[in-house]
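One-letter residues, chain by chain:
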Amino acid sequence: TRTELDTIRVAHVIDTLNVGGAETLLVEQCRQGGLSGIASTVIGLRPGTSPQLSDDLRSVGADVRLIGSGRRRQLLDLRRVGRLADELRDGRFDVVHTHLRVATIIGSLAARRAGLPVVATLHNVRTDGSGGVEDRAKDLLETAALRRWVDIVIGCGPAVAESNRSRVGDRPLVVVPNPVREIPDLTDADRARTRRELLARDDEVLLVAVGRLTEQKDYPNLFRALRTLSSDGRRARLVVVGDGEQRSALEATIERLDLVDRVLLAGNRPDVPAVLAAADVFVLSSAWEGLPLVLLEAMAVGAAIVATDVGDVAGVVGDAGVVVPPQDHDALAKGIESVLDDADHGRDLGARARERVRERHSAPVWIEQL
């Protein structure tokens, strides 16, 4: 039996208490950590749009706190760095673990002021830096933080680590691939019930995408692929689970492409595995990624997968799915068609995906590596 002295106290600092891939992964990290004698506190720098993430974190034993800022440009709020440093110092933590860009900048600086070691996980491949001035400034600040204040940098997959290698200077950079969380068994009845809820007609096929409504996920590419499928007379319905800052723009795109009756922006849902299991095809249309958690979850429920070749996606999927070039809606449409046109092939891909993810992405092994 572990004693209080055996317990490792970890403060996780993350950009926002919202529902997203890195945030969902943190729930599993806290769950598995608790089983391994790690006491987790999660400190969000901005509130989320729903209480779901906070509730999920508390349900696995994590303490959840918010150290927000009233300033629009939050990186300029130096007082918050001081408040966070005080929180870290007073919490008697052993290590600070940062997730996502703003958290790595602010969290690593505060940890240094508190005299604590810092581990930073990078969840995405580094893009070409062609964003706006603010985006490039954040990139430069994160690079400085990785080189000066972080002790060890973790890449969530080989492509993520390699694309960020030049940023870390002489800091150790290790690869710890993302895991898949434990998913309860889903029955045929569960699948049929979810399909009845999501489909407007019995003769429709169900395409599912999951992820925040952001530029990274490149949903317009997926919408154009859907329009190509629809032009061939195929009755396909796309359900997108997630929310984000691009909702209004995506709604306008859906209307412009005349897909209002074919696309459902379903918002955040607590039953993502059930929705994935109900799909005829799970589609990942991202323009860039690291190792997306939802891809692992789709594999775990045996979904037939069509995904863009970004980040570590191709290496994870292997021969258990269809991988196409990013930002190419014709290729994406053809990939989806190849699965829909051969139901036996789709079932075979799903079975291979389930076996592959169980062998390579075990949560207990992941937490031991961390």
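Residues numbered from 1 in each chain as written. Predicted model: local features only at pLDDT ≥ 70, side-chain atom pairs only at ≥ 80, totals over all residues. Heavy atoms only, no water.

K.L.:
Give a description of the nonpolar core that names residues and reports values.
P.N.:
Within the largest apolar cluster, 64 residues are counted, with the highest numbers of intra-cluster contacts made by L84, L88, L276, F282 and L295. If we ignore the near neighbours within four places in the chain, the residues touching F282 are V208, A209, V210, L276, V294, L295, A298, A303, A304, I305 and V306. (Core = buried A, V, L, I, M, F, W, Y, C linked by side-chain atoms within 4.5 Å. Buried < 20%, exposed > 50% of the residue type's maximum accessible area, 1.4 Å probe, protein only. Contact = heavy atoms within 4.5 Å.)

K.L.:
Residues and numbers for the sheet that holds strand β11 (residues 281–284), please.
P.N.:
Strand order across the open sheet formed by 6 strands is β10-β9-β8-β11-β12-β13, with parallel pairing between neighbours. Across the chains shown, the open sheet's two edge strands, defined by having one partner strand only, are β10 (263–267) and β13 (322–324). Strand-to-strand twist across the sheet, computed as the mean angle between neighbouring axes with direction ignored, equals 20 degrees. Taken together, the 6 bridges between strand β8 (residues 205–210) and strand β9 (residues 236–241) define a ladder with parallel strand orientation. In the strand pairing of β9, A209 is matched with V240. Packing of helix α11 (residues 293–300) onto the sheet brings it into contact with β8, β11 and β12 (305–308), and relative to β11 it is tilted by some 165 degrees. (Pairing = 2+ DSSP bridges. Helix = DSSP H or I, 4+ residues; strand = E, 2+ residues; numbered from the N terminus. Axes fitted to C-alpha atoms, helices over the stretch in contact; angles between N-to-C directions.)

K.L.:
Residues and numbers for the pairing of β8, please.
P.N.:
With respect to burial, β8 is a largely interior element, 6 of its 6 residues being buried. By the alternation rule, side chains of β8 split into V205, L207 and A209 and L206, V208 and V210, which are all buried. Following the backbone out of β8, through helix α8 (residues 219–231) and into the adjacent parallel β9, one traces a crossover that is right-handed. Judged from the 2 bridges that link them, β8 and β11 form a sheet pairing that is parallel. Bridge pairing in β11 links L207 to V281. (Right-handed = clockwise from strand over helix to strand, strands pointing away.)

K.L.:
Now, about the packing of aromatic side chains: what can you tell me, with residues and values included?
P.N.:
Scanning all chains against the criterion turns up 1 aromatic pair. Considering the side-chain rings of Y219 and F223, the 6.5 Å spacing of their centres and the 20 degrees angle between planes classify their relative orientation as stacked. Taken together, the residues Y219 and F223, both in helix α8 and 4 residues apart, mark about one turn of the helix. Overall, the relative accessible area of 2% leaves Y219 in the buried class. Looking at F223, the relative accessible area reads 0%, which means it is buried. Taking the ring centre of F93 as reference, the NZ or CZ of R9 above it sits at 5.5 Å. (Phe/Tyr/Trp six-rings, centres within 6.5 Å; stacked < 30°, edge-to-face > 60°. Lys NZ or Arg CZ within 6 Å of the ring centre and 35° of its normal.)

K.L.:
Break down the sheet that holds strand β5 (residues 118–122) for me, with residues and values.
P.N.:
Taken together, 7 strands build an open sheet; the order of strands is β3-β2-β1-β4-β5-β6-β7 and the sheet is parallel. Looking at the sheet topology across the chains shown, the edges are occupied by β3 (63–66) and β7 (173–175). In this sheet, neighbouring strand axes are inclined to one another by 25 degrees on average, regardless of whether the strands run parallel or antiparallel. Relative to strand β6 (residues 152–155), β5 is paired through 4 bridges, and the arrangement is parallel. Note on β6: the bridge partner recorded for L122 is G155.

K.L.:
Go over α11 with me, naming the residues and quoting the values.
P.N.:
Counting buried positions over the 8 residues of α11 gives 8, a clear majority of the element. Within the sequence span of α11, burial applies to L293, V294, L295, L296, E297, A298, M299 and A300. Just downstream of α11, G302 is the residue with a positive phi angle, here 80 degrees.

K.L.:
Could you give an account of the environment of V240, naming the residues involved and the relevant values?
P.N.:
Along the chain, the position of V240 falls in strand β9. For V240, a relative accessible area of 0% translates into the label buried. Those residues in contact with V240, other than ones at most four positions away along the chain, are A209, L213, Y219, F223, L264, L265, A266 and G267.

K.L.:
So what's going on with the pattern of salt bridges? Residues and values would help.
P.N.:
Evaluated as defined, the whole model comprises 27 salt bridges. Note that R112 is salt-bridged to D151, the shortest N-O span being 2.9 Å. Of the two residues, R112 sits in helix α4 (residues 101–114) while D151 sits in the loop between α5 (133–148) and β6, which places them 39 residues apart along the sequence. Close ionic contact of D319 with R352 constitutes a salt bridge, the shortest N to O distance being 3.6 Å. Here the residue D319 occupies a position in the loop between α12 (313–317) and β13, and R352 occupies one in helix α14 (residues 343–360), the gap between them amounting to 33 residues. The class of R352 is partly exposed, set by a relative accessible area of 30%. Residues joined in a network through salt bridges with shared partners are R126, D139, E142 and R167. (Salt bridge = Lys/Arg side-chain N within 4 Å of Asp/Glu carboxyl O.)

K.L.:
Can you lay out the environment of A111 for me, pointing to particular residues and giving the numbers?
P.N.:
The residue A111 is located in helix α4 in this model. Residue A111 is classed as buried on the basis of its relative accessible area, which comes to 0%. In this structure, the C-alpha to C-alpha distance between A111 and V150, residues 39 residues apart in sequence, is 9.1 Å. Here A111 is in contact with L88, V96, L116 and V118, once residues within four sequence places are set aside.

K.L.:
An account of the pairing of strand β1 (residues 8–14) is requested, with residue identities and associated values reported.
P.N.:
Among the 7 residues in β1, 5 count as buried, and that is most of the element. Sheet analysis places β1 next to strand β2 (residues 38–44), joined by 7 bridges and oriented parallel. The residue of β2 that forms the bridge with V10 is S40. In the classification by handedness, the crossover that spans β1, the intervening helix α1 (residues 21–35) and the parallel β2 is right-handed. Where β1 meets strand β4 (residues 95–99), 5 bridges bridge the pair, whose relative direction is parallel. Its bridge partner lying in β4, I14 is registered against H99.

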